[in-house]
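# Overview (structure and organization)
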Amino acid sequence: MRPKLTDVAAKAGVSATTVSRVINNYGYLSKTTKEKVFRAMKDLNYQPNSLARSLHGKKTQLIGVIFPSITNPFFAELVEQIENKLFNRGFKIILCNSADNKEKERDYLRMLIANQVDGIIAGAHNLGIEEYNKVGLPIISFDRSLSDKIPIVSSDNLKGTFLATQELYQAGSRHIYFLGNLHQIGNPTDLRLQGYQKAINELKLTAHIHSVNFSESPNLKSLSIKKLLT
């Protein structure tokens, strides 16, 4: 049976109020009392309830991280770095794999709000989720425009594609193709396309723009790309 706060109090020989004060670091308590409570917690493998702490105005030390499938090496490495940085600062993460499913992302968002996490990092590919305007928690977006109220961390997609196109030209390429999901508001593909077009115009080349739905299955994506190469 899962140990309760009263079990910790009994084992430490103090009141339940004292255990609560130790956990929440509230008020003056002697070093001896704190050591007894912490020892009892360790012996019983007692874990404070994060949700109960949040209801009393305490931080949960939890951050919700919403991302596409971490089978993608880019996102897997990114999530790992986020987890390491947060762990070193005393936070744990709740990882929510939303893939390309808006309803799944909405459910995860509601779950994170219900558990009163201290903040949310959102980097999924689903757009048009109105609930992000009503989160009421600190939130930051990675590479997606979720709302005018939510700050974004992103690379310079326009300049990056501009430089990439120039690099291919300098390497001898004269038929440079752009593949991507075209004209999705809030998607960095828009800026990448602009960077590509800017470079193509300056280099006086012919633009080759092809729409590829990257939410398709890996097999369909491969077929779409192979068609352009044959």
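Because the structure is a prediction, the values reported are computed rather than measured.

Looking only at helices and strands, the protein has nine helices and seven strands in total. Every one of the 230 residues in the protein was classed for burial, and the buried ones make up 33%. A sequence separation of at least 24 residues applies to 56% of the contacts in the protein between residues at least 6 apart. In the structure as shown, the protein presents an accessible area of about 14,400 Å², 54% of it carried by carbon and sulfur atoms.

Another point: the pairing of strand β4 (residues 139-142). Summarising the sheet, strand β3 (residues 119-122) and β4 pair through three bridges and their orientation is parallel. Bridged to Ile121 within β4 is Ile140. Direction of pairing for β4 relative to strand β5 (residues 152-153): parallel, over a ladder of two bridges. Residue Ser141 lies in a different strand from β5, and its bridge partner there is Ile152.

Right, let's get into helix α6 (residues 102-114). Its 13 residues give α6 an end-to-end C-alpha distance of 18 Å, which sits within 8% of 18 Å, the value for a rise of 1.5 Å per residue. Those residues of α6 not exposed but buried are Glu105, Arg106, Leu109 and Leu112. Mapping the buried residues of α6 onto a view down its axis gives an arc of 125 degrees, with all of them on the same face. Where α6 is buried, its residues contact β1 (62-67), β2 (92-97) and β3. Backbone nitrogen of Glu103 and a side-chain oxygen of the N-cap are separated by 3.0 Å at the start of α6; the cap is Asn101. Gln116 sits one or two residues past α6 and shows a positive phi near 50 degrees.

The backbone of Asn45 sits at a positive phi, close to 55 degrees, despite the residue not being glycine. Structurally, the position occupied by Asn45 is in the loop between α3 (31-44) and α4 (50-55). The phi dihedral of Lys204 falls on the positive side, at around 60 degrees, and the residue is not glycine. Mapped onto the secondary structure, Lys204 falls in the loop between α8 (189-203) and β7 (208-211). Looking at Lys204, the relative accessible area reads 72%, which means it is exposed.

Turning to the sheet that holds β3, a few remarks are in order. The parallel open sheet is built from five strands, whose spatial order is β2-β1-β3-β4-β5. Looking at the sheet topology across the chains shown, the edges are occupied by β2 and β5. Sitting on the sheet, α6 touches β1, β2 and β3, and the angle it makes with β2 is about 160 degrees.

Two elements in contact, helix α2 (residues 16-23) and α3, have axes separated by 10 Å at closest approach and are oriented at 90 degrees. Between α2 and α3, the interaxial angle falls into the category roughly perpendicular. Listed contacts from α3 to Thr18, Val19, Val22 and Ile23 of α2 are Thr33, Lys34, Val37, Phe38 and Met41. Among the residues making up the contact of α2 with α3, the classes are represented as six nonpolar, two polar and one charged.

Moving on to the environment of Ile82. If you trace the backbone, Ile82 turns up in helix α5 (residues 73-88). The class of Ile82 is buried, set by a relative accessible area of 15%. In this structure the C-alpha to C-alpha distance between Ile82 and Ile93, which are eleven residues apart in sequence, comes to 8.8 Å. Every residue in contact with Ile82, bar those within four places of it in the chain, is listed here: Val65, Phe67 and Ile121.

Contact geometry for helix α1 (residues 5-12) and α3: axes closest at 9 Å, N-to-C directions at 120 degrees. Comparing the axis directions of α1 and α3 gives the class oblique. The chirality of how α1 crosses α3 is right-handed. Counting all contacts with α1, which are made through Asp7, Val8, Lys11 and Ala12, the residues of α3 involved are Lys36, Val37, Ala40, Met41, Asp43 and Leu44. Each residue belonging to the contact of α1 with α3 can be placed in one class, and the counts come to six nonpolar, no polar and four charged.

Attention now moves to the pattern of salt bridges. Think of it this way: side chains of opposite charge can pair up when their charged atoms draw near. Considering all chains together, one arrives at three salt bridges under this definition. When the shortest N-O distance is used, the salt bridge between Glu103 and Arg106 registers 2.7 Å. With a gap of three residues between them, Glu103 and Arg106 both fall in helix α6, about one helical turn apart. Residue classification places Arg106 among the buried residues on the basis of a relative accessible area of 15%. In this structure, Arg110 and Asp107 form a salt bridge, with 2.4 Å as the shortest nitrogen-oxygen distance. A residue pair is termed a helical-turn pair when its members lie 3 or 4 positions apart in one helix, as Arg110 and Asp107 do in helix α6 at three residues. For Arg110, a relative accessible area of 41% translates into the label partly exposed. Residue class for Asp107 comes out partly exposed when judged on its relative accessible area of 45%.

What counts, and at which threshold
- Residues numbered from 1 in each chain as written.
- Predicted model: local features only at pLDDT ≥ 70, side-chain atom pairs only at ≥ 80, totals over all residues.
- Heavy atoms only, no water.
- Helix = DSSP H or I, 4+ residues; strand = E, 2+ residues; numbered from the N terminus.
- Buried < 20%, exposed > 50% of the residue type's maximum accessible area, 1.4 Å probe, protein only.
- Contact = heavy atoms within 4.5 Å.
- Areas by Shrake-Rupley, 256 points an atom, 1.4 Å probe, with all protein chains shown as cover.
- Pairing = 2+ DSSP bridges.
- Expected span 1.5 Å × (residues − 1).
- Arc of directions from axis to C-beta.
- Polar contact = N/O pair within 3.5 Å; in protein donor to acceptor, adjacent residues only side chain to side chain.
- Axes fitted to C-alpha atoms, helices over the stretch in contact; angles between N-to-C directions.
- Parallel < 35°, antiparallel > 145°, perpendicular 65-115°, else oblique.
- Nonpolar A, V, L, I, M, F, W, Y, C, P; charged D, E, K, R; others polar.
- Left-handed = near helix turned anticlockwise from the far one by under 90°.
- Salt bridge = Lys/Arg side-chain N within 4 Å of Asp/Glu carboxyl O.

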